[in-house]
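Chain residues, written in single-letter form:
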Amino acid sequence: TVDARGDSLVFFDFSTGSVVGSPDLLGWDLAFRRFTILANGGPDFAGQGGILDLGITSLDSLTNVPTSGYAVNTPGREVSNAATTQWYDYSWTSHVLSPKPNVFAVRTADGRYAVFEILSYYCPGAQAGCITIRYVYQGAGGTSFERGL
């Protein structure tokens, strides 16, 4: 779970499986700020990172990911990543964000791969901004995610 309630980006590194406080230029793979999710790639970013929306699928049944098609961040007043701009459904009646059942592939800052799904967006006490993800990291550098071999 990443506490992204503040105004600053919060950085996550797949190789360590944790949030990193003050990473170097390549020391992070995803960045979170409230409902925004960015990769460490694109203009103004040092990494090779990108995100690919794989659509509605099961994280557990995923065996490999593509090597191309990853969206890098788009610069602007509010930096965004096209793959994650609509990761949620918003209820106009309850004003609650609900994660879509999509799985996302990530090309990490150093060119490795990970996959993740978003489980929730709420902190204890129903406060918005704590993004809980479930992920698998392919630290060996390949695109295969077959387990149990």
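Note: the structure precedes this text.
Residues numbered from 1 in each chain as written. Predicted model: local features only at pLDDT ≥ 70, side-chain atom pairs only at ≥ 80, totals over all residues. Heavy atoms only, no water.

### Some thoughts on the sheet that holds strand β11 (residues 102-107)
1) Next: Read from one edge to the other, the open sheet built from 5 strands follows the order β1-β13-β12-β11-β6, with strand pairing classed as antiparallel. At either end of the open sheet lies a strand with only one pairing partner, and these are β1 (2-3) and β6 (50-56).
2) Next: Across 9 bridges, the pairing between strand β12 (residues 113-123) and strand β13 (residues 127-138) is antiparallel. Bridge pairing links Cys-123 to Gln-127 in β13. (Pairing = 2+ DSSP bridges. Helix = DSSP H or I, 4+ residues; strand = E, 2+ residues; numbered from the N terminus.)

### Some details on the pairing of strand β2 (residues 10-13)
Where a strand is regular, its side chains alternate between the two sheet faces.
1) Next: Of the two faces of β2, the one holding Val-10 and Phe-12 and the one holding Phe-11 and Asp-13 are both buried throughout.
2) Next: Note: β2 against strand β4 (residues 30-33), 3 bridges, orientation antiparallel. Within β4, the residue paired with Phe-11 across the bridge is Ala-31.
3) Next: Hairpin connection between β2 and strand β3 (residues 18-20): a loop of 4 residues separates the two successive antiparallel strands, and Gly-17 in this loop has a positive phi of roughly 70 degrees. (Buried < 20%, exposed > 50% of the residue type's maximum accessible area, 1.4 Å probe, protein only.)

### Considering the environment of Phe-116
1) Next: Residue placement: Phe-116 occurs in strand β12.
2) Next: With 105 residues separating them along the chain, Phe-116 and Phe-11 place their C-alpha atoms 15 Å apart.
3) Next: For Phe-116, the residues in contact, after removing those within four places along its chain, are Phe-14, Leu-30, Leu-59, Asn-102, Val-103, Phe-104, Val-106, Ile-133, Arg-134 and Tyr-135. (Contact = heavy atoms within 4.5 Å.)

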